[in-house]
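Descriptive analysis of the structure
Residue strings, one per chain:
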Amino acid sequence: SQEKRCEVDIKSFIEGKYKVEFPMFAKVDVNGAKTHEVFRYVKAKSELYDDTKNKIKNVPWNFTKFLLDGNGKVVGVYEPRLALERLE
């Protein structure tokens, strides 16, 4: 896990520094044995799945973005540096 703080501390930091007012998801594992089911799905259905090795690669970094269409199909995986405005 890249973020070592607990959910309460993360929420306090984000609300204080960035003035976030929207509800946030719980902290979950995106890699490893305890990977949350949502991330198991998006990784398996994206370019992170290596079909030649039948292996799913790890999410490379915090804030990696997965873009899904209205039917739940993964249509892209984007690095954290990419601005959200460029995901049109």
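Up top you'll find the structure we're talking about.
Structure report, in brief. (Residues numbered from 1 in each chain as written. Predicted model: local features only at pLDDT ≥ 70, side-chain atom pairs only at ≥ 80, totals over all residues. Heavy atoms only, no water.)

Mapped onto the elements of the fold, Lys 65 is located in strand β3 (residues 65–68). One buried charge, Lys 65, has no salt-bridge partner; the nearest side chain with opposite charge is Glu 79, at 8.6 Å. A polar atom in the side chain of Lys 65 sits 3.0 Å from the backbone oxygen of Pro 80. Dropping the residues within four chain positions of it, Lys 65 is found in contact with Gly 76, Val 77, Tyr 78, Glu 79, Pro 80, Leu 82, Leu 84 and Leu 87. (Helix = DSSP H or I, 4+ residues; strand = E, 2+ residues; numbered from the N terminus. Buried < 20%, exposed > 50% of the residue type's maximum accessible area, 1.4 Å probe, protein only. Lys, Arg positive; Asp, Glu negative; His and termini not counted. Salt bridge = Lys/Arg side-chain N within 4 Å of Asp/Glu carboxyl O. Polar contact = N/O pair within 3.5 Å; in protein donor to acceptor, adjacent residues only side chain to side chain. Contact = heavy atoms within 4.5 Å.)

The subject of this paragraph is the packing of aromatic side chains. The tally for this structure, following the rule as stated, stands at two aromatic pairs. Geometrically, the ring pair formed by Phe 13 and Tyr 18 is edge-to-face, given 6.2 Å between the ring centres and 85° between the ring planes. With a centroid separation of 6.2 Å and 70° between ring planes, the pair formed by Phe 39 and Phe 66 is classed as edge-to-face. Note that Phe 39 is positioned in helix α2 (residues 37–44) and Phe 66 in strand β3, a separation of 27 residues in sequence. By relative accessible area, Phe 66 is classed as buried at 19%. (Phe/Tyr/Trp six-rings, centres within 6.5 Å; stacked < 30°, edge-to-face > 60°.)

Worth remembering: the numbers are spatial, not functional.
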